[in-house]
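Residues per chain, in single letters:
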Amino acid sequence: MKRRRFLVSAAATVAAPAIVRGQNLNSRVQIAGIGCDGKGYSDLSEMHGHQKTKLVAFCDVDLARTQRIAKLSPDAPVFQDFREMLAKQGEKIDAVTVSTPDHMHAFIGIEAMRQGKHCYCQKPLTHNVWEARQMSMLAKQSGLITRLGNQIHSHQFYRTAAHAVQNGAIGKVNEVHSWCSATGHGKSFHIDRPKTNAAIPSTLDWDKWLGVAQERPFGEWKVYHPWGWRDWQDFGNGALGDFGCHILDPVFTALNIKKAPTSITADHSGMNEEVWPAQNTVRYVFPGNEMTVGSTLNVTWYDGGRQPSHRGTGFPSDHAFPKSGSILIGEKATMVIPHVGACYLSNAASLQELPGQNHYHGWVDGILSGEQPSDGFEYGGPLTEAVLLGNVAVRFRGQALQWDGQAMEFPNHPDANRYLKRDYRAGWEITPVAPTVAG
Ligand SMILES: NC(=O)c1ccc[n+]([C@@H]2O[C@H](COP(=O)([O-])OP(=O)(O)OC[C@H]3O[C@@H](n4cnc5c(N)ncnc54)[C@H](O)[C@@H]3O)[C@@H](O)[C@H]2O)c1
């Protein structure tokens, strides 16, 4: 009997979800990892911990960074190019994890989904707004099981907070403030390209690491690869990109935020053309809904040590807010949601605790059952779009950018539209996903 395949029909770009369920219910979900160290190692180790998975192939542009993960599945072949891996091992691969630096999420994720692979992709879903829309459209059209890698979504802390707000613990919400202690550039210890360049490690294919980004020298170890890439506009998204999809996630879930912001205004501590600012404040205006007091909802983001004031929160000015987190100011009380910690209320009311779930296993279970878990790309896409719109606004300090989410443009600021999508390196372009009639 043929091994059960969790296949989607080859034409993964067609509208109708077409998961072909096999007969052999004892079969495992066969997973290939793309980006195998750093967070990739933890993603794949978690997937490996599910009883019905098998790690069948690994890809990392730096072969030295596949050694740890290979110990979990020594027979799995190792590749430096994910396209070669899909071409040679595609028949065996049901699903992929994408845990590379942000600038390659969409290029890899879209190709894998086009080949019918279920996809678990690290946060932020993509590096720019256009890519996020492409990923969520393709996920919707294909019926593939997807999940954003913001695992705290399934943690008891965030689940408890969202559940409590949904059940009226603070009443309708007036405003939200979210913040993160990390700075926009603090990982690479550079604010400009290094003047000297170390030899490229023999294990690393630097050209493939650059991928969609324009060529540049390797620099020094950790300036870009590994880890330091976060600081750089070409590869990462600073503190907002790194933490926004975590910290704003319980806000989006609790308040049913499904519509795009209509206006975004940013202030920051100064920036150049290379790295993200050390400190940001980004003010979003979202359309209101049944969870909000008014017809609009103000959500303000702070990073790099900036934090909201205590005014209107019901907490005394000497109350220390957590280093990172959110406050939701409601009609009845204010909720503080630490990142990552148990939420608490200004009126000290106790809350019903929800158990945590295994985010990684939830994706695997979704593949097995055919049911899309929460936090698929249809959720993670708009969340990522909102986060990354903040970084477009950062480029136009102090100017309110009006946003038309459906048309995907800034009607009052056409100049800003060019930051919705990058200039792809020749040979690394992403073919757009055709919208369906239903959108
Ligand atoms: N969910 C979380 O809590 C969490 C935590 C850390 C990082 N992340 C996310 O995980 C991703 C990776 O971050 P990191 O800290 O592990 O970075 P990293 O630089 O330490 O590791 C990235 C890995 O991907 C490999 N890689 C790079 N380009 C590749 C490509 N084109 N194909 C295959 N492999 C490639 C690198 O060689 C490296 O092994 C990012 O999107 C980041 O935002 C999420």
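Residues numbered from 1 in each chain as written. Predicted model: local features only at pLDDT ≥ 70, side-chain atom pairs only at ≥ 80, totals over all residues. Heavy atoms only, no water.

## Regarding the pairing of strand E12 (residues 296-303)
To keep it simple, the criterion reads: Accessibility here uses a 1.4 Å probe with only protein chains present; expressed as a share of the type maximum, an area under 20% marks a residue as buried, one over 50% as exposed, and anything in between as partly exposed. Numbering of helices and strands runs from the N terminus; a helix is a DSSP stretch of H or I covering at least four residues, while a strand is a stretch of E covering at least two. When DSSP finds two or more bridges between two strands, those strands count as paired.
Across the 8 residues that make up E12, a large majority, 6, are buried. Bridge count for strand E9 (residues 173-180) against E12 is 6 bridges, and the pairing is parallel. Bridging from a neighbouring strand, Glu175 pairs with Asn298 of E12. Relative to E12, strand E11 (residues 280-287) runs antiparallel, the two being bridged by 7 bridges. The residue bridging Tyr284 from the neighbouring strand is Val299, located in E12.

## Structural notes on the environment of Gln134
As for its position among the elements, Gln134 is in helix H5 (residues 129-142). Overall, Gln134 belongs to the buried group, its relative accessible area being 5%. The spatial distance from the C-alpha of Gln134 to the C-alpha of Ala198 is 36 Å, given a sequence separation of 64 residues.

## Quick look at the environment of Ala333
Test applied: Every residue pair with non-hydrogen atoms within 4.5 Å of one another is taken to be in contact.
Take Ala333: it is sitting in the loop between strand E13 (325-330) and strand E14 (334-338). Sequence separation between Ala333 and His153 is 180 residues, and the spatial gap between their C-alpha atoms is 23 Å. If sequence neighbours within four positions are ignored, Ala333 has contacts with Ala169, Ile170, Leu328, Ser346 and Asn347.

## What to know about the site of the ligand
Here is the rule: Summary of the distance rule: residues count as near a molecule or strand when at least one heavy atom falls within 4 Å of that molecule or strand. In protein, a polar contact means a hydrogen-donor-capable atom and an acceptor-capable atom, both N or O and within 3.5 Å, with residues adjacent in sequence counting only if both atoms are side-chain atoms; elsewhere, any N or O pair within 3.5 Å suffices. Only the protein chains shown count as cover for residues, and the accessible areas themselves come from Shrake-Rupley with a 1.4 Å probe. Residues are grouped as follows: nonpolar covers Ala, Val, Leu, Ile, Met, Phe, Trp, Tyr, Cys and Pro; charged covers Asp, Glu, Lys and Arg; every other residue, Gly included, is treated as polar.
In the vicinity of the ligand lie 29 residues, with Lys39, Asp60, Arg65, Gln151 and Arg230 positioned nearest. Take Arg65: an N or O atom from its side chain is 2.6 Å from an oxygen atom of the ligand. A distance of 3.2 Å separates an oxygen atom of the ligand from a polar atom in the side chain of His246. Within the complex, 93% of the 850 Å² of free accessible area of the ligand lies under protein. Sorting the residues of the shell around the ligand by element identifies helix H4 (105-114), helix H7 (206-210) and helix H8 (238-247) as the ones contributing at least two each. Among the residues making up the shell around the ligand, the classes are represented as 9 nonpolar, 10 polar and 10 charged.

## Topic: the UniProt feature "domain: Gfo/Idh/MocA-like oxidoreductase N-terminal" (unreviewed entry) in the chain
Rule in force here: UniProt positions are given in the numbering used here, feature names are shortened, and annotations may be inferred rather than shown by experiment.
In the numbering adopted here, UniProt assigns the feature "domain: Gfo/Idh/MocA-like oxidoreductase N-terminal" (unreviewed entry) to residues 31-146. Strand forms 19% of residues 31-146 and helix 40%; the C-alpha atoms that close the span are 13 Å apart.

## Here we look at the packing of H4 against H5
Threshold: For every element, the axis is a line fit to its C-alpha atoms; helices are fit only across the contacting stretch, and the angle between N-to-C directions ranges from 0 to 180 degrees. Put simply, angles under 35 degrees are roughly parallel, angles over 145 are roughly antiparallel, angles from 65 to 115 are roughly perpendicular, and the rest are oblique. Here a crossing is called left-handed whenever its near helix is offset anticlockwise from the far helix by less than a right angle, and right-handed whenever the offset is clockwise.
It is at 10 Å that the axes of H4 and H5 come closest, and there the two elements cross at 15 degrees. By the angle between their axes, H4 is roughly parallel relative to H5. As H4 runs across H5, the sense of the crossing is left-handed. Every residue of H5 that contacts H4 at His105, Ala106, Gly109, Ile110, Met113 and Arg114 is listed here: Glu131, Gln134, Met135, Leu138 and Ala139. Residue classes in the contact of H4 with H5 are distributed as 6 nonpolar, 3 polar and 2 charged.

## Section: the sheet that holds strand E8 (residues 146-148)
Strand pairs in the sheet, formed through backbone hydrogen bonds, run parallel or antiparallel to each other. Strands sit in the order E5-E4-E3-E6-E7-E8 across an open sheet of 6 strands; the sheet is parallel. If you trace the sheet from one side to the other, it starts and ends with strand E5 (78-79) and E8, each paired once. The pairing of strand E7 (residues 118-121) with E8 spans 3 bridges and is parallel. Counted as the bridge partner of Cys119 is Thr146 from E8. Packed on one face of the sheet, helix H11 (residues 377-394) meets E7 and E8 and runs near 35 degrees to E8.

## As for the sheet that holds E14
Pairing within the open sheet is mixed, and its 8 strands lie in the order E15-E14-E13-E9-E12-E11-E10-E16. Edge positions in the sheet fall to strand E15 (344-345) and strand E16 (401-402), since each has one partner strand and no second. In this structure, E14 lies alongside E15, joined through 2 bridges in antiparallel fashion. Residue pairing for E15: Met335 is matched across the bridge by Leu345. On top of the sheet, helix H6 (residues 156-166) reaches E13 and E14; it is set at about 165 degrees to E14, its chief contact.

## Description of H6
When we look at burial in H6, the residues that qualify are Tyr158, Thr160, Ala161, Ala162, Ala164 and Val165. At the exit of H6 stands Gly168, carrying a positive phi of roughly 85 degrees.

## Describing the side chain of Asp37
Positionally, Asp37 belongs in the loop between strand E3 (29-34) and helix H1 (39-48). Here the side chain of Asp37 touches Arg68 through a polar contact of 2.6 Å, side chain to side chain.

## Concerning unusual backbone geometry
Residues Lys123 and Pro124 are joined by a peptide bond in cis, for which omega reads -20 degrees. Along the polypeptide, Pro124 turns up in the loop between E7 and H5. Omega for the peptide link from His225 to Pro226 comes to -15 degrees, which places this bond in the cis form. In this structure, Phe189 is a non-glycine residue whose phi angle is positive, near 60 degrees.

## Things to note about the packing of aromatic side chains
Two aromatic rings are characterised by how far apart their centres lie and by the angle between their planes. Here is the rule: Geometry of aromatic contacts follows a simple scheme: Phe, Tyr and Trp rings, the Trp one being its six-membered ring, pair when their centres are within 6.5 Å, and the pair is stacked under 30 degrees between planes, edge-to-face over 60, tilted otherwise. We count a charge as sitting over a ring when the NZ of a lysine or the CZ of an arginine lies within 6 Å of the ring centre and within 35 degrees of the ring normal.
A full pass over the atoms with the stated rule returns 18 aromatic pairs. Ring geometry for Trp206 and Trp209: centres 4.9 Å apart, planes at 15 degrees, overall stacked. With Trp206 and Trp209 both in helix H7 and 3 residues apart, this pair spans about one turn of that helix. Under the relative-accessibility criterion, Trp206 is labelled buried at 7%. Its end group placed over the ring of Trp428, Arg83 keeps NZ or CZ at 4.5 Å from the ring centre.

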